[in-house]
Amino acid sequence: MRVLKSTSCPLQSSPSKSEITDRIKEISLSPAATPLLNALNISNDLLNKTDENQQKRLFLFSDFQTSTSDLSQLSPASTALFFYQPQAEIQGNIFIDSIWFESPVQSVNLPITLAFRIKNLSDKPLENLSLTLRINDKDKGVKTVKVGANSFVEETINFNHLTPGIKKGAIKIKTNQLFFDDQFYFTYNIQNQTNILIVNEGENNPKTFEKLYAVNPFYNFKAIQIGQLKQSDFTDQALVIFNNINDLTSGAVNLIKDNLSKGASVVMIPGAKANLNAWNSFLSAQNQPTLKALTNENARSLNYFNDKDPLFTGVFEKSPENYSKASIKNYYPLLVNSNQNFISLFGFNDNNPFLTYSKTKSGGRLFLQAAPLLPEFSNFDKQALFAATFL
């Protein structure tokens with residue numbers, strides 16, 4: 001009798017049942033996957049070298065996965081074949097399917113949101129599944145999730161870093177089924193600096209963002225005119241801001257779309273004389289609120305602030321209270337409908353947004369503000385919450 005494993009040559013023959021049993025018990029899990037047809041051919045070659053008068057039988061123990069168990073090319077043989085497919089005592093499995101970061105760039109001292117998907121391939125719902133996040137062998141967070149039967153759940157866990165560099169992470173769950181898929185390992189890089197591109201229109205544009213990012217050397221920003229914009233300007237940029245832009249050229253629109261599809265974060269702020277046709281053509285294509293004609297109403301306050309959004313995770317020690325509210329004099333009201341996909345960060349109320357953002361399927365984020373950053377329009381850029389939002 002011989003034992004054939006996928007990771008080595010056949011073991012030497014064993015004359016007794018006990019020795020064969022011991023050798024089977026010594027077999028460990030391996031990522032190696034040998035096609036079943038190859039294993040049968042090797043086994044047949046071994047049997048053909050034995051005494052013709054001996055009884056020849058092949059016993060196959062396998063889970064018979066589709067990718068490795070194609071026997072359509074198996075030639076008829078005189079050797080008796082016995083197939084055994086073990087069945088798990090506990091049917092189904094719960095496992096970590098995938099993970100991803102909400103932002104394509106991770107930075108020091110800024111909140112990091114890690115999203116994960118857990119699948120439950122069993123007929124029983126799971127009420128209290130504990131998940132642990134470890135970074136560089138240190139616990140960074142614990143979360144309890146519920147997963148319905150034959151379903152999946154997507155959740156997030158938040159943390160931050162005080163030092164830059166490459167980090168090694170692991171998300172772990174504890175189940176009673178298969179154990180090797182209870183851990184999901186990953187690596188990522190925390191940057192020393194974050195790159196920001198500021199796109200202006202006209203030389204008289206207030207340097208609002210330039211002044212904001214100049215206070216901290218962590219922000220490596222570059223300001224250019226929209227007429228000079230080219231594809232290479234987007235390279236390695238964590239954030240691209242189109243500030244007080246009147247005319248969205250087709251070239252700029254194509255660059256924005258292309259980089260959103262690659263996971264970029266883009267902020268869009270219209271100018272005082274925005275070309276609404278060009279702007280709304282772009283926004284409609286992105287399934288975002290569109291701009292109405294400029295209003296000149298009495299000053300209104302931004303009474304709605306969505307501080308619960310993950311964008312502000314770790315920014316405040318507690319929910320802000322009694323904060324100074326921005327006064328909006330002139331703005332482009334946003335036309336919204338139920339089919340649009342966006343989240344309101346600031347608004348006159350929760351149904352009348354002023355600053356929104358949305359997530360693309362590829363991981364990009366598109367921000368839209370309803371008024372230029374000009375004194376005659378608002379004092380939003382003078383508020384502490386403005387800095388908290390864009391830093």
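Presented here is an overview of the structure given in this document.

The rules behind these values
- Residues numbered from 1 in each chain as written.
- Predicted model: local features only at pLDDT ≥ 70, side-chain atom pairs only at ≥ 80, totals over all residues.
- Heavy atoms only, no water.
- Helix = DSSP H or I, 4+ residues; strand = E, 2+ residues; numbered from the N terminus.
- Rg over C-alpha atoms; globule rule 2.2 N^0.38 Å.
- Buried < 20%, exposed > 50% of the residue type's maximum accessible area, 1.4 Å probe, protein only.
- Contact = heavy atoms within 4.5 Å.
- Lys, Arg positive; Asp, Glu negative; His and termini not counted.
- Charge placed at Lys NZ, Arg CZ, Asp CG, Glu CD.
- Pairing = 2+ DSSP bridges.
- 1 Å grid on protein atoms, 1.4 Å probe; cavity = no way out; pocket = protein on both sides within 12 Å on 5 of 7 lines; lining within 4 Å.
- Points joined across faces, edges and corners; volume = space filled by probe spheres on them.
- Nonpolar A, V, L, I, M, F, W, Y, C, P; charged D, E, K, R; others polar.
- Axes fitted to C-alpha atoms, helices over the stretch in contact; angles between N-to-C directions.
- Phe/Tyr/Trp six-rings, centres within 6.5 Å; stacked < 30°, edge-to-face > 60°.
- Lys NZ or Arg CZ within 6 Å of the ring centre and 35° of its normal.

Another point: the overall build of the protein chain. Per the secondary structure count, the protein chain includes six helices and 22 strands. Against the 2.2 N^0.38 benchmark of 21 Å for 391 residues, the protein chain shows a C-alpha radius of gyration of 30 Å, more extended than a compact globule. On the principal axes, the C-alpha backbone points of the protein chain span a range of 100 × 45 × 40 Å. Taken over 391 residues, the protein chain has a buried fraction of 41%. Contacts in the protein chain between residues at least 24 apart in sequence constitute 67% of all its contacts with a sequence separation of at least 6. When the 37 basic and 34 acidic side-chain charges of the protein chain are each reduced to a single mean position, those positions are 3 Å apart.

We now examine the sheet that holds strand E7 (residues 138-147). If you trace the five strands from one edge of the open sheet to the other, you get E4-E10-E9-E6-E7, paired in mixed fashion. Looking at strand neighbours, the two that pair on one side only are strand E4 (106-107) and E7, the edges of this open sheet. As paired elements, E4 and strand E10 (residues 183-191) share two bridges and run parallel to each other. Within E10, the residue paired with Gln106 across the bridge is Ile190.

Let us look at unusual backbone geometry. Notably, Asp137 is not glycine yet its phi reads approximately 65°, a positive angle. Its place among the elements puts Asp137 in the loop between strand E6 (126-135) and E7. Judged by relative accessible area, Asp137 falls into the exposed class, the value being 66%. With a phi angle near 55°, Asn244 is a residue other than glycine that sits in the positive phi range. Considering the arrangement of structural elements, one finds Asn244 in strand E13 (residues 239-245).

Let's shift gears to the layout of surface pockets. In this structure, the second largest pocket spans a volume of roughly 720 Å³. Lining the second largest pocket we find 31 residues, and of these Ser103, Leu110, Leu311, Arg365 and Leu391 sit closest to its centre. Of all the secondary-structure elements, those providing two or more residues to the lining of the second largest pocket are E4, strand E5 (112-120), strand E11 (194-200), strand E14 (265-270), strand E21 (352-359), strand E22 (365-369) and helix H6 (384-390). A per-element tally of the lining of the second largest pocket places H6 first, with three residues. Split by residue class, the lining of the second largest pocket holds 19 nonpolar, nine polar and three charged.

Read across the open sheet, the eight strands follow the order E12-E11-E13-E14-E22-E21-E20-E17; overall the sheet is mixed. In the strand order of this sheet, the two ends are held by strand E12 (219-225) and strand E17 (304-305), each with one partner. In the sheet, E11 pairs with E13 via five bridges, with the strands oriented parallel. Bridge pairing in E13 links Val199 to Phe242. Here helix H4 (residues 250-260) sits on the sheet in contact with E13, E14 and E22, set at roughly 145° to E14.

Moving on, we come to the packing of aromatic side chains. Two descriptors summarise a pair of aromatic rings, namely the distance from one centre to the other and the angle between the planes of the rings. Scanning the model with the defined rule gives 22 aromatic pairs in all. Ring geometry for Tyr213 and Tyr219: centres 5.2 Å apart, planes at 45°, overall tilted. Classification of Tyr219 as buried rests on a relative accessible area of 11%. A ring pair is formed by Tyr357 and Phe367, whose centres lie 5.2 Å apart and whose planes are at 20°; its orientation type is stacked. Of the two residues, Tyr357 sits in strand E21 while Phe367 sits in strand E22, which places them ten residues apart along the sequence. Neither Tyr357 nor Phe367 differs from the other in exposure class; each is buried. Here the basic side chain of Arg300 rests over the ring of Phe348, its NZ or CZ set 4.3 Å away from the ring centre.

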